[in-house]
Amino acid sequence: MAEKKLPLLGRIAIQLKMIDMDQLNQATREQGLSPEKRLGQILVEQGLVTAKDLEKLAAVQKDLIAKNQARKDAELKAKTRSEGPPEAPGPKPSAPGKAADSASGAEQDSLGLTLASPVEGDPETLGRLLSSALDRGASDIHLHSGGGLRLRTHGVLSEAETDGFSADEVERLVASALTPVQKEELRREGEIDFCFDLEGVGRFRANAYRQQRGFDAVFRSISAQPPTLDELGLPSDLARFTNFHQGMVLVTGPAGCGKSTTLAAMVNLINEEREEHILTIEDPIEVIHPSQRCIVNQRHAGRHTQSFARALRGALREDPDVIVIGELRDLETISLAMTAAETGHFVLASLHTNNAVRTINRMIGAFPSNEQGQVRTMLSESLKAVISQRLVPRIDVEGRIPALEVLVINKAIGNLIREEKTVQIRSSIQTGKVHGMFLLEQSLNELVASGKISRETALEVAEEKKLITAGF
């Protein structure tokens, strides 16, 4: 069955970064329950956009439809001039008709952006910028139209000591990093996720996007080799969460907290120690895992497969032992991941949530209310652990160190999930040290006591500040 096409207004709102995909899915589900309401009205009612934002979205949508209609009219006139008057009405062959409909639909989806071609020297310039940024310890490099180069180093964004870039220069630099297929996607969609290998410099996860002043791009440095827990400053005890052969382990946290890198370290452990089939689904593929004792197959959602959900449906017939999901983005992906975990697979995945309790509530809340009772039961049986992570600045050496919150799903926690008592899980984590559980605040206290972070930093990061007792 073909995947449901997202409404144009919603796609524009995502491209303009007013909402994310989860919020759009939530709004479209609400529209399905209240078909008399327009999507824009629901977005406003849910507080996702303002009335002024909606006016802007409507104007962009109107302009886009008008532009596509004008293009189709021009092509129709050109075709009429070259082929003569249109045929008389009558039945048409089905295959050409479908092809025409498909082309028309793809055309209407396109933003039709222009993208300048790079000139001689642009690839070398980009290479020098990225190489210099890595030498300065930057994790993220921002190419900003009409502004200077910005670097994020140990979590702090600062301006590099370089001349600014015009919009045209940034556009050409962005284009120099893309393949022809990727350029076409950027023109069509207005944004693109991709990985960029620069020989002699490194590998980068990147996102290029169109904003009001021109094109921008962000390059994030990726380890050339799979990392280890020790290299990441993570406790070796996390290795026990790679010993499952069935069920699901989630790595969560806000953007930029190192979730993907932690997942990569766990996958590397399995690859070194077990003889199984590991299948990863990512967007884009970040750390490359060469097959060691395991067979490792890595798939790029949107390149090697249409979507996370499509890849997961196929995965159940591809004999995997371990399924790694780069991000649980929507209801269908979450549902399929839970099904895989229930049917004899070990699932490792990441999710954008701040702590263990919110992770469970987010998983359950993604489903319609009439299905949540069954989902609670499934989750209580298939979920094995939640590792929530933050990166905090160190004071003993330069850099950042992970602070963790760990929830292990035992029989008591499973009962709390089934009985809709997730609010009590936090206190169970706090008293669950014997089971390997601890709160973020307990991890922060240990880091303060060992002199690795300051008490002030711990207080900034903690959700419950009164639990920060170290450092007096």
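Conventions used here
Residues numbered from 1 in each chain as written. Predicted model: local features only at pLDDT ≥ 70, side-chain atom pairs only at ≥ 80, totals over all residues. Heavy atoms only, no water. Helix = DSSP H or I, 4+ residues; strand = E, 2+ residues; numbered from the N terminus. Buried < 20%, exposed > 50% of the residue type's maximum accessible area, 1.4 Å probe, protein only. Contact = heavy atoms within 4.5 Å. Areas by Shrake-Rupley, 256 points an atom, 1.4 Å probe, with all protein chains shown as cover. Axes fitted to C-alpha atoms, helices over the stretch in contact; angles between N-to-C directions. Parallel < 35°, antiparallel > 145°, perpendicular 65-115°, else oblique. Left-handed = near helix turned anticlockwise from the far one by under 90°. Nonpolar A, V, L, I, M, F, W, Y, C, P; charged D, E, K, R; others polar. Pairing = 2+ DSSP bridges. Core = buried A, V, L, I, M, F, W, Y, C linked by side-chain atoms within 4.5 Å. Arc of directions from axis to C-beta. Polar contact = N/O pair within 3.5 Å; in protein donor to acceptor, adjacent residues only side chain to side chain. Salt bridge = Lys/Arg side-chain N within 4 Å of Asp/Glu carboxyl O.

Q: Which residues make up the overall build of the protein chain, and what values do they have?
A: What the protein chain contains, in helices and strands, is 17 helices and 13 strands. Here the protein chain holds 472 residues, and 45% of them are scored as buried. The long-range share in the protein chain, meaning contacts at least 24 apart out of those at least 6 apart in sequence, stands at 59%. For the protein chain, the computed accessible surface area is about 23800 Å², with 50% contributed by carbon and sulfur atoms.

Q: With reference to specific residues and values, describe the packing of helix H12 (residues 356–365) against helix H13 (residues 372–382).
A: Interhelical geometry of H12 versus H13 gives an angle of 135° and a closest axis separation of 9 Å. The angle between H12 and H13 falls in the class oblique. Pair H12 / H13 crosses with right-handed handedness. Two secondary-structure elements touch here, H12 through Ile-360, Met-363, Ile-364 and Gly-365 and H13 through Gln-372, Val-375, Arg-376 and Leu-379. Per-class residue counts for the contact of H12 with H13 are five nonpolar, two polar and one charged.

Q: Go over the sheet that holds strand E9 (residues 295–300) with me, naming the residues and quoting the values.
A: The mixed open sheet is built from seven strands, whose spatial order is E9-E8-E10-E11-E7-E12-E13. Two strands in the sheet have a free side with no partner beyond their single neighbour: E9 and strand E13 (400–408). Across the sheet, the axes of successive neighbouring strands diverge by a mean angle of 15°, strand direction being ignored. Packing of helix H9 (residues 259–273) onto the sheet brings it into contact with strand E7 (247–252), strand E8 (277–282), E9, strand E10 (322–325), strand E11 (346–351) and strand E12 (383–393), and relative to E11 it is tilted by some 165°. Set on the sheet, H13 makes contact with E7 and E12; between it and E12 the angle comes to about 75°.

Q: I'd love a proper account of the nonpolar core, names of residues and values included.
A: One finds Met-248 and Leu-407 to be the most contacted residues of the largest nonpolar core, which totals 68 residues. Leaving out residues up to four positions away in the same chain, Met-248 has contacts with Ala-337, Met-338, Ala-341, Val-347, Met-363, Leu-379, Ser-382, Leu-383, Lys-384 and Ala-385.

Q: With reference to specific residues and values, describe H12.
A: All of the buried residues in H12 are Ala-356, Val-357, Thr-359, Ile-360, Met-363 and Ile-364. End-on, the buried residues of H12 take up no more than an arc of 160°, which puts them together on one face. Between the side-chain oxygen of the N-cap and the backbone nitrogen of Val-357 there are 3.3 Å, and the N-cap of H12 in question is Asn-355.

Q: Explain the pattern of salt bridges to me, using residue names and the numbers behind them.
A: Tallying each qualifying case throughout the model produces 23 salt bridges. For the salt bridge of Arg-188 with Glu-189, the shortest nitrogen-to-oxygen distance reads 3.2 Å. Glu-419 serves as the salt-bridge partner of Lys-421, at 3.5 Å between the closest nitrogen and oxygen. Lys-421 gets classed as partly exposed once you look at its relative accessible area, which sits at 34%. Residue class for Glu-419 comes out partly exposed when judged on its relative accessible area of 46%.

Q: Describe in detail the pairing of strand E3 (residues 156–159), supporting the description with residues and values.
A: Examined bridge by bridge, strand E2 (residues 150–153) and E3 share four bridges and lie antiparallel to one another. Paired with Arg-152 across the two strands is Leu-157, which belongs to E3. With antiparallel pairing between neighbouring strands as the criterion, E2 and E3 make up a hairpin whose turn holds two residues, including His-154 at a positive phi of roughly 55°.

That is the geometry; function is a separate question.
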